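For reference, the chains in residue letters:
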Amino acid sequence: MPNTIKYHHKQIGWHALIGHAVGFAIALWVFGFVTLEGSMRPAIIALFITMTLTGFTFSALLTEVDNAEFRAQFGPLKWPGQSASLSEIAGALPARTSIAAGWRIRVTTRGWLYGVSGRGAVIVGLRNGKQFLIGTDDPAGLTDAINTSLPQPADFTKIRGAK
């Protein structure tokens, strides 16, 4: 049976896009109006390239659930990301991340976090006891899509911090 998309959601990382646009404008101003000497010119060029690549990569987060797999992928290239077979997933619960957890890809006390904006998230617990968080502006929809697509009943006891 071909994979049928059951849930598809793209969250735009407005905070990242605006922040990168401001940084980009400052770098252009520095590069165009300030006399750079020595190693400063290559450093500003490297900063400019890094901001462009990270802004492009983390501009959005696409989350999908089909009849076999859950995927979360960053940006137009859909890389980097996280995926798990539905048979490996114990269950999913909506969550809220702390302000300190931030965005992008980082480790938190509840597992790896993949997100582009906001504090809404879904904890995805795996049957092997591992878990990760996916940032989303639709935690209820994503949680429901994952849990109703599982080939077995959700087992929330596998999720650390589940109440």
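Structural data are supplied above this passage.
What you see is a predicted model, and the numbers here were worked out from it, not measured in a lab.

Helix length check: helix 1 (residues 14-33), at 20 residues, gives a terminal C-alpha distance of 28 Å against a target of 28 Å (1.5 Å per residue), a fit within 8%. Buried residues of helix 1: Ala16, His20, Gly23, Ala27 and Val30, and no others. Here the buried residues of helix 1 occupy an arc of 85° about the axis, which is enough to place them on one side. Structural note: helix 1 exposes Trp14, Ile18, Gly32 and Phe33 on the side pointing more than 90 degrees away from its buried face.

Moving on, we get to the side chain of Thr97. Tracing the chain through its elements places Thr97 in the loop between strand 5 (89-96) and strand 6 (104-108). Judged by relative accessible area, Thr97 falls into the buried class, the value being 4%. Residues in contact with Thr97, not counting those within four places in the same chain, are Arg110, Leu113, Gly118, Arg119, Ala121 and Leu133.

The final tally for this structure, using the stated rule, is four aromatic pairs. Their ring planes at 75° and their centres at 4.9 Å tell us that Phe58 and Phe74 sit as a pair that is edge-to-face. Here the residue Phe58 occupies a position in the loop between helix 2 (40-57) and strand 2 (60-66), and Phe74 occupies one in strand 3 (residues 69-74), the gap between them amounting to 16 residues. Among the residues examined, Phe58 registers a relative accessible area of 14% and is labelled buried. A ring pair is formed by Phe70 and Phe132, whose centres lie 6.3 Å apart and whose planes are at 20°; its orientation type is stacked. Here Phe70 is found in strand 3, whereas its partner Phe132 is found in strand 9 (residues 131-135), with 62 residues between them in sequence.

So, on to the pattern of salt bridges. Under the counting rule described, the total for this entry stands at three salt bridges. As a salt-bridge pair, Glu64 and Arg71 come within 3.0 Å of each other at their nearest N and O atoms. Its relative accessible area of 11% is what places Glu64 among the buried residues. On the basis of relative accessible area, Arg71 is assigned to the buried category, the value being 12%. Among the ionic pairs, Arg71 bridges to Glu69, the shortest N-O distance being 2.9 Å. Judged by its relative accessible area of 26%, Glu69 is partly exposed. Here the salt bridges share partners, and the residues they tie into one network are Glu64, Asp66, Glu69 and Arg71.

What counts as what
Residues numbered from 1 in each chain as written. Predicted model: local features only at pLDDT ≥ 70, side-chain atom pairs only at ≥ 80, totals over all residues. Heavy atoms only, no water. Helix = DSSP H or I, 4+ residues; strand = E, 2+ residues; numbered from the N terminus. Expected span 1.5 Å × (residues − 1). Buried < 20%, exposed > 50% of the residue type's maximum accessible area, 1.4 Å probe, protein only. Arc of directions from axis to C-beta. Contact = heavy atoms within 4.5 Å. Phe/Tyr/Trp six-rings, centres within 6.5 Å; stacked < 30°, edge-to-face > 60°. Salt bridge = Lys/Arg side-chain N within 4 Å of Asp/Glu carboxyl O.

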